[in-house]
Amino acid sequence: MFNRLKKIIEYIKNLNLSIDRYKESTIIQSLPSVAYVNRAKKFLEENKIDEAETVLLEALNITEKDPLVYKYLGIIYDKKHEHSKAVDAYKKSAQICYTDKNIWQKLGFAQMSCHDYEEAEQSFENSDKIAPANSDTFTGWGMALMKQKKYDAAREKFVTASRINKYNFTAIFLAAVCEIKLGEHKDAEAKLTFLANVCPNETNTYEFANLKFLKKDYKNAKHYALKSLEFNKNMLPSYLLLGKLYTIECDRDKALEMYSTAAKRELNNSNLYTEWGKALIKFTNLDDAEKKFVKALGYDGENAESMAYLALVRMIKHNDDEVLIQMALNGGADTDIIDLCRAIREFNNGNFDTALSSFRKLETEDLEFLIAYYQAKINEFKKNNSKAIDFYEKSMNLNPYFMTAGIDYARFLIACEEYAEAQRKLRKIVKIYDKDLEVLNLQFFVSYILVKENVCEYNIKETVALAEKIIQISDTGFKYYKEKEELENLLKTFKESE
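What this report covers is the structure whose coordinates are included nearby. (Residues numbered from 1 in each chain as written. Predicted model: local features only at pLDDT ≥ 70, side-chain atom pairs only at ≥ 80, totals over all residues. Heavy atoms only, no water.)

## Details of the packing of aromatic side chains
- Applying the stated criterion across every chain yields a total of 29 aromatic pairs.
- Consider the rings of Phe109 and Phe124, whose centres lie 5.0 Å apart with planes at 75 degrees: the pair is edge-to-face. With Phe109 in helix 5 (residues 103-113) and Phe124 in helix 6 (residues 117-130), this residue pair connects regions lying 15 residues apart in the sequence.
- In this structure Phe109 comes out as partly exposed when scored by relative accessible area, which is 30%.
- Here a set of aromatic residues connected by ring pairs shows up, and it is made of Phe347, Phe352, Phe359, Phe369, Tyr373, Tyr374, Phe381 and Phe402.
- Taking the ring centre of Trp141 as reference, the NZ or CZ of Lys157 above it sits at 3.9 Å. (Phe/Tyr/Trp six-rings, centres within 6.5 Å; stacked < 30°, edge-to-face > 60°. Helix = DSSP H or I, 4+ residues; strand = E, 2+ residues; numbered from the N terminus. Buried < 20%, exposed > 50% of the residue type's maximum accessible area, 1.4 Å probe, protein only. Lys NZ or Arg CZ within 6 Å of the ring centre and 35° of its normal.)

## Here's the deal with unusual backbone geometry
- Within the chain, His81 stands out as a residue other than glycine whose phi angle is a positive 60 degrees.
- For His81, the location among the structural elements is in the loop between helix 3 (67-79) and helix 4 (83-96).
- Classification of His81 as exposed rests on a relative accessible area of 63%.
- Non-glycine residue Glu266 carries a positive phi angle of around 60 degrees.
- Residue placement: Glu266 occurs in the loop between helix 14 (252-264) and helix 15 (270-282).
- Classification of Glu266 by relative accessible area gives exposed; the value is 68%.

## Some details on the nonpolar core
- With 135 residues, the main nonpolar core has Ile281, Leu312, Leu340, Ile344, Phe359, Leu370 and Phe444 as its most contacted residues.
- When sequence neighbours within four positions are dropped, the list of residues in contact with Ile344 reads Leu312, Met315, Ile316, Phe359, Leu370 and Tyr374.
- Core analysis: the second largest hydrophobic core is formed by 25 residues, Ile75, Tyr77, Val87 and Ala94 among them. (Core = buried A, V, L, I, M, F, W, Y, C linked by side-chain atoms within 4.5 Å. Contact = heavy atoms within 4.5 Å.)

## Some remarks on the packing of helix 5 against helix 7 (residues 135-147)
- Two elements in contact, helix 5 and helix 7, have axes whose closest approach is 10 Å; the angle formed by their N-to-C orientations is 30 degrees. The pairing of helix 5 with helix 7 is recorded here as roughly parallel in orientation. Here helix 5 runs over helix 7; the crossing is left-handed. Residues Gln105, Phe109 and Met112 of helix 5 touch helix 7, and the partners they reach there are Asp136, Thr137, Gly140, Met143, Ala144 and Lys147.
- Split into classes, the residues belonging to the contact of helix 5 with helix 7 amount to 4 nonpolar, 3 polar and 2 charged. (Axes fitted to C-alpha atoms, helices over the stretch in contact; angles between N-to-C directions. Parallel < 35°, antiparallel > 145°, perpendicular 65-115°, else oblique. Left-handed = near helix turned anticlockwise from the far one by under 90°. Nonpolar A, V, L, I, M, F, W, Y, C, P; charged D, E, K, R; others polar.)

So, to be careful, I would describe these as geometric facts and stop short of saying anything about function.
Written out as structure tokens, the structure is:
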């Protein structure tokens, strides 16, 4: 009996001790804070963010050991986009109550907003340990890995997230994006096809277009890029992709319209003006291209791609900017563009053998027309006429808008006394540049030579008419008044003989 009584007394002592400890650490301090938290939650429901914050900060005057106070402060700071404050609040909440089933998840997403990707990765891992098999946790985890360019590991997390919740379309989409980065286009296409049918939107439709572009399926790439703009007229990546597609097709008007439309919609950033400048290089408007690259650097002064292409344009224009080249190289620019700049420098300096060796090593598909042009020029200087013709042909076929190549080719053919062939080339150029005085004057001169070789009334009339067209554009810009007068006299002779 005594032993039983002793045990009961001991039990009560222990119970009282545990109650005292509980009161000391939590109840006495936290019970009032519960009311504050509930009031804050009510304000949050009413979207009264500032009032909710004020209440929770008052709660901290009562206790600094209630995890819910910090948790809801974190939620408030997230809503106010004060993500670094949210991170601090969530961390304090997690330190007090490590086992909160979603505090680590919230902390992870807040760290993502602060670009603390490695810490976010750890937070999502902690979240999975406490509350396993949560689709949102795996999605966030994958995003943290993706931001660190760990695409394979990220894809694995996204796939897991979509297995947990088959309706997690974000995870499916991001898994496809990772697969595109990894070059696993078949798997990516299956996921994007599914999303295009189940939940089409501007983002996954654009990514589908981008995948088609990478696979050189330009027709479908254009279709889905345009479709993404139907969902969202302000989808800048779609304008940039369409600009690239139309540039590849040498559709100058539509290509430049895409960039212009994006600018009118105030979707201005460094990428827009960089891509716009690259298109202008293709359409051989170097002055405007230079302005676009300068504007791109105005938005992002560290854009190495803009620096590299600006240096390229300047090099083509015989303005060697080694400082800019070094800045682009140090910033991680594509080395092919840097190598192209240096190859053109060797050409400009008359080091043709060195230049030719450098051009042969380059593999820049978008600028192959430019490389072929310089190879044509070098072979022309070296009197390798057949190779010069081959490279001029290649350059013009790749880019019919490359007027410089067209004019130089025509002059080369004239020097070789290939007047009929020169005339054919000039007629092609005139279809695009129908008011360019240099092209039109060359066309007149070649036509004049051919008429003199084979006098024919019809050809004389055609050539005189061409002269009149040039004079209408600019009477001072026409260079061959004496030859025109000679043809007009020939025409009179024909009429008198009739």
